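Analysis of the macromolecular model
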Amino acid sequence: MTRRLACVSVAAIAWMVAGCGLAPDGGGPLTGREALLVAAAADLRPAFERIGEIFTAETGHEVVFDFGSSGQIAQRIIEGAPVDVYASANVDFVDAVLDAGRGDRATKATYAFGRITIWSRADRWSGWDTIEELVADPAVRFVGIANPAHAPYGAAARQAFESKGLWETVEPRLVYGENISDTQRLADTGDADAAIVALSLAIAAGERGGWALLDDGLHQPLEQALVVITDDERRVAAARAFVQLVNAPSGREVMIEFGFALPGEG
C-alpha cells in the first residue's frame with residue numbers, strides 16, 4: 001500500500017475529516033485507508049513522521065500530522081478541534097486540555113524529555129559553546145527563539161537566558177518564531193544569525209547547520225506528554241495504538257535517534 005504522511009493545520013482537519021470519509025457517526029472501526037489525526041509539537045516532526053511510517057506499516061492506517069506550537073494546538077483542541085491524539089512539548093498543556101474536558105486521562109503518558117541547542121546555518125556557525133558566548137558575539141545581531149507565551153521550547157530558551165542573567169541583554173535582539181520549527185527557519189533563512197532550537201531539529205538538519213547542546217540545568221525540564229483526545233468509538237483503538245507505539249521499543253528507538261531523553265532512562 002502506498003504510504004502517505006501529511007501535515008496540515010488544525011483548522012483544516014475538519015475539512016479533511018469529511019474528505020477522508022471519517023464522519024464521527026460512521027459505522028465500524030477505521031479501515032486501513034482512513035487516516036488518524038495527530039496534533040503534535042513542532043519539535044516532533046522528524047521523529048513522528050518516522051513513527052507514522054512504522055504505524056502505517058503495522059496497522060494499515062494512514063496518519064495526518066499537524067505540527068505546531070503546543071499551546072496554540074491545545075487551545076484549538078479545547079475549542080473543539082477534531083483531533084485523535086495530542087502530543088505536547090510540555091505536560092502542562094496536556095493537563096490543560098484534560099481539565100477542559102477533552103481527552104482520556106487514562107491514556108496520558110510522558111514519552112520524552114526535550115533538550116535545547118544553539119543552532120545556525122552552517123555558513124554562519126561560529127562555534128558558540130554557551131549562550132554567554134552567543135550573546136557576547138558582536139556579529140550576532142538577531143537571535144531566534146520560539147514565542148515563550150505558547151511554545152515550550154521558547155519558554156525554555158527564555159529560562160536559559162534568565163538563569164545566566166542575560167535576558168535583558170538579549171531581549172532587544174530577539175526575533176520570535178510561532179513554534180520551534182518556525183524558529184529554526186528564521187536562522188535558516190538569515191532572519192536570525194542563530195536560534196535556540198530543539199535538539200531533534202538540530203539533528204534532523206544534519207550538515208545544513210552547526211549546533212551546540214545547552215545544559216539542561218538552565219531551564220525547567222521539557223517533559224513531553226501525549227494523550228488520546230477522540231471519544232469516537234471508531235477511532236479510539238487506532239489512537240491508543242499510536243500512543244502505545246510511541247512508547248514501544250520501535251518508537252523509543254526513533255525518539256533516541258533524534259536526541260530525546262526517555263522516561264526511565266535518565
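Below or above, wherever it landed, is the structure these notes cover. (Residues numbered from 1 in each chain as written. Predicted model: local features only at pLDDT ≥ 70, side-chain atom pairs only at ≥ 80, totals over all residues. Heavy atoms only, no water.)

1. Some thoughts on the overall build of the chain
Rule in force here: For helices the rule is a DSSP run of H or I covering at least 4 residues; for strands it is a run of E covering at least 2, with both sets numbered from the N terminus onward. Partly exposed describes any residue whose relative accessible area lies between the buried limit of under 20% and the exposed limit of over 50%, with all areas from a 1.4 Å probe on protein chains only and scaled to the type maximum. Contact between two residues is taken to exist if any of their heavy atoms lie within 4.5 Å; hydrogens are not considered.
Across its full length, the chain carries 11 helices and 11 strands. Across the 266 residues of the chain, 52% fall into the buried class. Excluding contacts between residues fewer than 6 apart, the proportion of contacts in the chain whose partners are at least 24 apart in sequence is 76%.

2. Side note on the nonpolar core
Just so we agree on the cut-off: What makes a nonpolar core is a set of buried Ala, Val, Leu, Ile, Met, Phe, Trp, Tyr and Cys residues whose side-chain atoms join them at distances within 4.5 Å.
Within the largest apolar cluster, 65 residues are counted, with the highest numbers of intra-cluster contacts made by Leu44, Phe48, Phe161, Ile196, Phe242 and Met255. The leading source of residues in this core is helix H10 (residues 233-246), at six residues. Every residue in contact with Leu44, bar those within four places of it in the chain, is listed here: Glu49, Phe67, Ala87, Tyr111, Gln224, Met255 and Phe260.

3. A word on the packing of aromatic side chains
As a reminder of what qualifies: Any two rings among Phe, Tyr and Trp, with Trp reduced to its six-membered ring, count as a pair given centres within 6.5 Å; such a pair is stacked if its planes are under 30 degrees apart, edge-to-face if over 60, and tilted if neither.
This structure, assessed with the given rule, holds seven aromatic pairs. Look at Phe55 and Phe242: their rings are 5.5 Å apart centre to centre, the planes differ by 75°, and that puts the pair in the edge-to-face class. Taken together, the residues span a long stretch of sequence, with Phe55 in helix H2 (residues 45-59) and Phe242 in helix H10 at a distance of 187 residues. Note on Phe55: relative accessible area 1%, which makes it buried. Given a relative accessible area of 0%, Phe242 falls into the buried group.

4. Description of the sheet that holds strand S10 (residues 209-213)
Just so we agree on the cut-off: Strands qualify as paired when DSSP identifies two bridges or more between them. Angular values range over 0 to 180 degrees, each being the angle between N-to-C directions of two axes fitted as lines to C-alpha atoms, with helices fitted over their stretch in contact.
Across the sheet, five strands lie side by side as S8-S7-S9-S6-S10; this open sheet has mixed pairing. Each edge of the sheet is formed by a strand with only one pairing partner; in this case those strands are strand S8 (174-177) and S10. Geometrically, the sheet is characterised by an average inter-axis angle of 30° between neighbouring strands, direction not taken into account. Across the sheet, helix H6 (residues 152-163) is in contact with strand S6 (116-121), strand S7 (143-146) and strand S9 (194-198); its angle to S7 comes to roughly 125°.

5. Structural notes on the pairing of S9
Burial analysis of S9 places five of its five residues in the buried class, which makes it a mostly covered element. Pairing geometry for S6 and S9, over four bridges, is antiparallel. Considered in S9, the bridge of Thr117 is made with Val197. Sheet topology note: the S7/S9 ladder contains two bridges and is parallel. In the sheet register, Val143 faces S9, and the bridge partner there is Ala194.

6. Focus: the packing of H2 against helix H11 (residues 249-257)
Defined as follows: Angular relationships are summarised with four words: roughly parallel below 35 degrees, roughly antiparallel beyond 145, roughly perpendicular across 65 to 115, and oblique for the angles in between. The crossing is said to be left-handed when, going from far helix to near helix, the turn is anticlockwise and less than a right angle, and right-handed when the turn is clockwise. We call Asp, Glu, Lys and Arg charged. Ala, Val, Leu, Ile, Met, Phe, Trp, Tyr, Cys and Pro are nonpolar, and the rest, Gly among them, are polar.
Between H2 and H11, the least distance of the axes is 9 Å, while the angle of their chain directions is 160°. In terms of their interaxial angle, H2 and H11 are classed as roughly antiparallel. The way H2 lies across H11 gives a crossing that is right-handed. Of the residues in H11, those in contact with Ala47, Phe48, Arg50, Ile51, Ile54 and Glu58 of H2 are Ser250, Gly251, Val254, Met255 and Glu257. Residues that form the contact of H2 with H11 fall into these classes: six nonpolar, two polar and three charged.

7. Details of the pattern of salt bridges
Selection rule: Here, a salt bridge means any side-chain nitrogen of Lys or Arg that lies within 4 Å of a carboxyl oxygen of Asp or Glu.
Considering all chains together, one arrives at 14 salt bridges under this definition. Between Arg45 and Glu49 there is a salt bridge, and its shortest N-O distance comes to 3.6 Å. Here Glu49 and Arg45 lie together in helix H2, a separation of four residues that amounts to about one turn. Looking at Arg45, the relative accessible area reads 28%, which means it is partly exposed. In this structure, Arg185 and Asp182 form a salt bridge, with 2.7 Å as the shortest nitrogen-oxygen distance.

8. As for the pairing of strand S4 (residues 85-88)
In S4, alternate side chains face the same way, and those of Val85 and Ala87 on one face and Tyr86 and Ser88 on the other are all buried. Where strand S2 (residues 35-41) and S4 come together, three bridges link them in parallel fashion. Each residue of the ladder has a partner; that of Ala39, found in S4, is Tyr86. As paired strands, S4 and strand S11 (residues 222-228) are joined by four bridges and run antiparallel to one another. From the neighbouring strand, Val85 faces S11, where its bridge partner is Val228.

Function cannot be read off these values alone, since they describe shape.
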